[in-house]
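A closer look at the structure
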Amino acid sequence: MSKLETLNRIHELGIVPVVRGKDEKQAIEYCKGLVEGGINILEVTFTIPNAIEVFKKLQEELPEDTLIGAGTVTDPITARLAILNGAKFIVSPAFDKNVAKLCNKYQIPYMPGCITPTEILEALSYGVDIIKLFPGSLTGPSYVKAIHGPIPYVNIMPTGGVSLENVEEWFKVGVYAVGAGSNLVKGTKEEISQKSKQYLEKIRKARQ
């Protein structure tokens, strides 16, 4: 899958769930719940024990069209390890120019956490395609509108502070997609599947 195809799929679905877990089994169960609910793009974080094994098992057990990326990537070594094990995109809590360079080399989308205009512009100068506005709870939807004033071309994905109650507000101010954490990826597989459907329906309505 090309970089452009990955970016288009993220934009089309509109949501990237942040998958954490106490162990491999829980993380895989969470992922299966998301996919059953229609969310087939997954950010599998490196805070999960044996994260690489989780990557491998997900690629074996989930449908082929599932797009799996790596989250909580803070250095180029981890980024390369993730990419070589099938990660189609890389997400970080903060911007790192060396991770950006590596992702550019492999033609893999990199989504670093940024807040200020200075951070955002620096990330863009290193070829970043999507800015992860993190933590989104620190800013709110009105901040996206403010940033789009002077930087209208930046693709923003708020993460942290996104919920079923406010997801429509984020899309109404023009976000590229949203990242959803424990508000979505928590509970039983059935509960996560049901919440996934609710998120997708709200995103659909907000985009009409």
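Residues numbered from 1 in each chain as written. Predicted model: local features only at pLDDT ≥ 70, side-chain atom pairs only at ≥ 80, totals over all residues. Heavy atoms only, no water.

1. Structural notes on the packing of helix H2 (residues 24-36) against helix H9 (residues 189-207)
- Packing of H2 against H9 brings their axes to within 7 Å, and their N-to-C directions diverge by 40°. One element, H2, and the other, H9, form an angle in the oblique class. Both H2 and H9 take part in a crossing whose hand is right-handed. Where H2 approaches H9, its residues Glu29, Tyr30, Lys32, Gly33, Leu34 and Glu36 are matched on the opposing element by Lys189, Ile192, Ser193, Ser196 and Lys197.
- Class assignment of the residues belonging to the contact of H2 with H9 gives a composition of three nonpolar, three polar and five charged. (Axes fitted to C-alpha atoms, helices over the stretch in contact; angles between N-to-C directions. Helix = DSSP H or I, 4+ residues; strand = E, 2+ residues; numbered from the N terminus. Parallel < 35°, antiparallel > 145°, perpendicular 65-115°, else oblique. Left-handed = near helix turned anticlockwise from the far one by under 90°. Contact = heavy atoms within 4.5 Å. Nonpolar A, V, L, I, M, F, W, Y, C, P; charged D, E, K, R; others polar.)

2. Focus: the pattern of salt bridges
- Applying the stated criterion across every chain yields a total of six salt bridges.
- Linking Glu61 and Lys32 is a salt bridge whose minimum nitrogen-to-oxygen distance equals 2.9 Å. You can see Glu61 sitting in helix H3 (residues 51-61) and its partner Lys32 sitting in helix H2, a full 29 residues away along the chain.
- Lys56 is the partner of Glu53 in a salt bridge, and the nearest nitrogen-oxygen pair spans 3.8 Å. Of this pair, Glu53 and Lys56 are both found in helix H3, three residues apart, which corresponds to roughly one turn of the helix.
- Judged by relative accessible area, which is 34%, Glu53 ranks as partly exposed. (Salt bridge = Lys/Arg side-chain N within 4 Å of Asp/Glu carboxyl O. Buried < 20%, exposed > 50% of the residue type's maximum accessible area, 1.4 Å probe, protein only.)

3. So, unusual backbone geometry
- With an omega of -10°, the peptide bond between Phe134 and Pro135 qualifies as cis.
- Although it is not a glycine, Gln107 adopts a positive phi angle of roughly 60°.
- Among the structural elements, Gln107 can be located in the loop between helix H5 (97-106) and strand S5 (110-114).
- With a relative accessible area of 47%, Gln107 lands in the partly exposed category.

4. Observations concerning the pairing of strand S1 (residues 15-19)
- Of all five residues that make up S1, five are buried, and the element is covered over most of its length.
- Every second residue of S1 is oriented toward a common face, with Ile15, Pro17 and Val19 on one face and Val16 and Val18 on the other, all of them buried.
- Pairing between S1 and strand S8 (residues 178-180): three bridges, direction parallel. Looking at S8, one finds that Val16 is bridged to Gly179.
- In the classification by handedness, the crossover that spans S1, the intervening H2 and the parallel strand S2 (residues 41-45) is right-handed. (Pairing = 2+ DSSP bridges. Right-handed = clockwise from strand over helix to strand, strands pointing away.)

5. Looking at the pairing of strand S3 (residues 67-71)
- Burial analysis of S3 places five of its five residues in the buried class, which makes it a mostly covered element.
- The side-chain alternation of S3 yields two buried faces, one formed by Leu67, Gly69 and Gly71 and the other by Ile68 and Ala70.
- Bridge count between S2 and S3: five bridges; the pairing is parallel. For Ile41, the partnering residue across the bridge sits in S3 and is Leu67.
- As a crossover connection, the stretch from S2 through H3 into S3 is right-handed.

6. Considering the side chain of Glu24
- In this fold, Glu24 is placed in helix H2.
- Looking at Glu24, the relative accessible area reads 18%, which means it is buried.
- Setting aside anything within four residues of it in sequence, one finds Glu24 in contact with Pro49, Asn50, Glu53, Val54 and Lys57.

7. Here we look at H5
- Every buried residue of H5 is accounted for by Val99, Ala100, Leu102 and Cys103. End-on, the buried residues of H5 take up no more than an arc of 165°, which puts them together on one face.
- Buried residues along H5 sit in contact with helix H4 (76-84), strand S4 (90-92) and S5.
- Two or three places before Asn98, at the opening of H5, Asp96 has a side-chain oxygen 2.9 Å from that residue's backbone nitrogen.
- Of the residues one or two after H5, Gln107 is the one with positive phi, at around 60°. (Arc of directions from axis to C-beta. Polar contact = N/O pair within 3.5 Å; in protein donor to acceptor, adjacent residues only side chain to side chain.)

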